[in-house]
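Overview (structure and organization)
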Amino acid sequence: MGASPQLEEAQCNQYFASKSFLYKTLPHKSGPKRNRMKTLPQIDGGGDTTPKPLFGTAPDQLKLLMQSLGQSAYRATQLKDALYRQRITSLDQITTFPQSLRESLLANGYTLGLPEIVQSAKSIDGTERYLMRMADGETVETVWMPNGDGGERGDGTEAADEERDEQSNEQSNEQSNELDAPAARPDLRNRGTLTAQGYRRATICISSQVGCAVNCQFCLTAKLGIRRNLTAGEIAGQVAAALNRNHVKIGLDRINLVFMGMGEPFLNYDAFMDAVRLLGLMGIPESRMTVSTSGIEPAIRRFALEPIRPKLALSLNASNDLVREQVMPITRKWNIQALLDALNTIPLGKREYVTFEYVLLGGINDQPQHAREVLALLKGYKAKVNLIVWNPGPGIPYTQPSPEDVERFHKSLIAGGIPTYIRRPRGRDIYAACGQLKRTVDAAPPTPLVEIAPAPAS
Ligand code: SF4
């Protein structure tokens, strides 16, 4: 979409209504070529010293770069490993390269180009929110959510499934070890983010755009409007920066990714899918990724054709078009039925569901008739529902639902046969929870974020 000025609601609606919006964001040709990384930086070994980020460059482009510098093909493999496997933090760390080659890269204007964490805030629940600065000074937010404290059980996420599986394994191990001396058993009570199997788990919530044009009425990010799309390197780079900060070893530690931060990934489709492939190079398979969309119907249909793709979540948030148009004006462009029809084109794996995210807003979409309508909508779909109790934010005109309404809604969907989970809010105290991400430097009071100490282990 390029750099657009902040869009007020009327402009935003006009934007969605325009044909150019569709063509600008969603190339409508399909076929094998669409899976090539095409939004990545182009190589240049010809003496141009304009800063050019290496992180985000596709393997075939790295090959061309090395060729242009008179190097053998294996140097491209070494560079790819250094960027994506080792996650180097400076070009000096490419120890497989001779000094002269590193200097040649620098002389030609190549930089690493990873986003820089310029601020962080830590919640009492361990969640960390990072403000990441890109090379041009634009900033986005990324959230690191360590799992393993038991809180994610039942929240309907990948981490929740693992947590449940491990809990049942641990219980059966404990039962079979009943005669062991207590000292021989692992103490699971204070394990923090370390699992009984010895690896750490975490989920990283990634942004795909600087701001967002979709204008969901319950979301703080919407207040920013859209400034620009992120590149594939900037999207995957958030993950690299968060992994480096937390000393994560892919392969030993288990990382899940959710594209649920700032922006609508399907309005930056090519860069988003290129980032998925880069993240694969970093050792994170697409099966550990979930992308959430507000409902960009043509992009859902395109996504359905991808041979390799993350899991999909649709941000439903209403039980009928009337309510959804108020809460998510984008519904005027693609209504609920159009979205459900598009979802039907996705070939689901055996254990795969389409997740429907449903933010509960007090008195707006949380009443028994809404639950009945949701059941009617999802009848026959391989669906699961994540209920999210709305996270308050300044200037957002909604109230939280009562605990009784949440419970009743939850029970109604379960009674109707839909697997339904209440998502546990993470990092609410630091504005890192769902719908709360907002560029701190632009929009929050101009005080620096405070590092909040985690609660002492009990
Ligand atoms: S909820 Fe997502 S799609 Fe909607 S305005 Fe916020 S960031 Fe954009």
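Just so it is clear, the structure is predicted and the values come from calculations on it, not from any experiment.

Quick notes on the rules
Residues numbered from 1 in each chain as written. Predicted model: local features only at pLDDT ≥ 70, side-chain atom pairs only at ≥ 80, totals over all residues. Helix = DSSP H or I, 4+ residues; strand = E, 2+ residues; numbered from the N terminus. Buried ≥ 20, exposed ≤ 12 C-beta atoms within 10 Å, placed from the backbone. Near = placed C-beta within 6 Å. Nonpolar A, V, L, I, M, F, W, Y, C, P; charged D, E, K, R; others polar. Pairing = 2+ DSSP bridges. Core = buried A, V, L, I, M, F, W, Y, C linked by C-beta atoms within 7 Å. Domains from an automatic or database assignment. Axes fitted to C-alpha atoms, helices over the stretch in contact; angles between N-to-C directions. Right-handed = clockwise from strand over helix to strand, strands pointing away. Expected span 1.5 Å × (residues − 1). Parallel < 35°, antiparallel > 145°, perpendicular 65-115°, else oblique. Left-handed = near helix turned anticlockwise from the far one by under 90°. Contact = placed C-beta atoms within 7 Å. pLDDT = per-residue confidence, 0-100.

Before going further, it helps to examine the overall build of the protein chain. Of regular secondary structure, the protein chain possesses 14 helices and 14 strands. Every one of the 458 residues in the protein chain was classed for burial, and the buried ones make up 44%.

To continue, consider the site of the ligand. With respect to spatial proximity, 12 residues lie near the ligand, and among them Cys212, Val214, Cys216, Cys219 and Ala222 are the closest. Of the residues assigned to the shell around the ligand, the class counts are 6 nonpolar, 5 polar and 1 charged.

With that settled, consider the pairing of strand S3 (residues 116-122). The side chains of a regular strand alternate between the sheet's two faces. Pairing geometry for S3 and strand S4 (residues 128-133), over 6 bridges, is antiparallel. Bridging across to S4, Glu116 finds its partner in Arg133. Count of turn residues in the S3/S4 antiparallel hairpin: 5 residues, of which Gly126 carries a positive phi of about 95°.

Attention now moves to unusual backbone geometry. The residue Asn215 is not glycine, and still its phi comes out positive at about 70°. Residue placement: Asn215 occurs in the loop between strand S7 (209-211) and strand S8 (226-229). Backbone geometry places Asn317, a non-glycine residue, at a positive phi of 65°. Its 26 C-beta neighbours within 10 Å are what place Asn317 among the buried residues.

This paragraph deals with the nonpolar core. Counting 101 residues, the largest nonpolar core has Ile204, Val239, Leu257, Ala275, Leu279 and Leu360 as its most contacted members. Of the domains in this structure, domain 1 (9-31 + 115-162 + 194-443) and domain 2 (38-111) are the two that each give at least three residues to this core.

Pairing is mixed in the open sheet, where 10 strands are placed in the order S3-S4-S5-S6-S9-S10-S11-S12-S13-S14. Whereas interior strands pair on both sides, the edge strands pair on one side only; in this sheet they are S3 and strand S14 (420-423). Sheet twist, expressed as the mean angle between neighbouring strand axes with direction ignored, is 25°. As defined by bridge partners, strand S10 (residues 289-293) adjoins strand S11 (residues 311-315) across 4 bridges and the pair is classed as parallel. Across the sheet, residue Thr293 finds its bridge partner in S11, namely Leu314.

What follows is about the pairing of S10. For S10, the buried fraction is high: 5 of the 5 residues fall into the buried class. Of the two faces of S10, the one carrying Met289, Val291 and Thr293 and the one carrying Thr290 and Ser292 are both buried. Alignment of strand S9 (residues 254-259) against S10, held across 3 bridges, turns out to be parallel. In the strand pairing of S10, Phe259 is matched with Val291. Traced from S9 through helix H8 (residues 269-281) to S10, the parallel crossover comes out right-handed. As a crossover connection, the stretch from S10 through helix H9 (residues 297-304) into S11 is right-handed.

Turning next to H8. With 13 residues, H8 ought to run about 18 Å at 1.5 Å a step, and its terminal C-alpha atoms sit 19 Å apart, in line with that. All of the buried residues along H8 are Tyr269, Ala271, Phe272, Met273, Asp274, Ala275, Val276, Leu278 and Leu279.

Once that is clear, we can look at the packing of helix H12 (residues 368-378) against helix H13 (residues 403-415). In the contact formed by H12 and H13, the axes pass within 9 Å of each other and the chain directions differ by 30°. The orientation of H12 relative to H13 falls into the category roughly parallel. You can see that H12 and H13 cross each other, and the crossing is right-handed. Between H12, through Pro368, Ala371, Val374 and Leu375, and H13, the contact on the second element is made entirely by Arg408, Phe409, Ser412 and Leu413. Grouping the constituent residues of the contact of H12 with H13 by class yields 6 nonpolar, 1 polar and 1 charged.

For the rest of this paragraph, the subject is the confidence of the model for the protein chain. Averaged over every residue, the pLDDT of the protein chain is 80; the share at 70 or more is 70%. This model gives residues 167-192 a pLDDT under 50, and the stretch forms 11 contacts once residues within four places in sequence are excluded.

Mapped onto the elements of the fold, Lys249 is located in the loop between helix H7 (232-245) and S9. Taking the C-alpha atoms as reference, Lys249 lies 9.9 Å from Gly283; in sequence the two are 34 residues apart.

Attention now goes to the packing of helix H3 (residues 59-68) against helix H4 (residues 73-85). Each pair of packed helices gets described by two things: the angle between the helix axes and the distance between those axes. Their axes nearest at 8 Å, the elements H3 and H4 cross at an angle of 130°. Between H3 and H4, the crossing angle belongs to the class labelled oblique. Seen from above, H3 lies across H4 with right-handed handedness. Facing Pro59, Leu62, Lys63 and Met66 of H3, the residues of H4 in contact are Ala73, Arg75, Ala76, Leu79 and Lys80. In terms of residue class, the contact of H3 with H4 is built from 6 nonpolar, no polar and 3 charged.

Looking now at the environment of Ile418. Within the element layout of this structure, Ile418 appears in the loop between H13 and S14. We classify Ile418 as partly exposed; it has 19 C-beta atoms within 10 Å. Excluding residues within four positions of it along the chain, Ile418 makes contact with Leu375, Leu378, Ala383, Lys384, Val385 and Leu413.

Further remarks concern the environment of Arg423. Mapping Arg423 onto the fold places it in strand S14. Taking C-alpha positions, Arg423 is 6.0 Å from Asn386, a pair spaced 37 residues apart along the chain.

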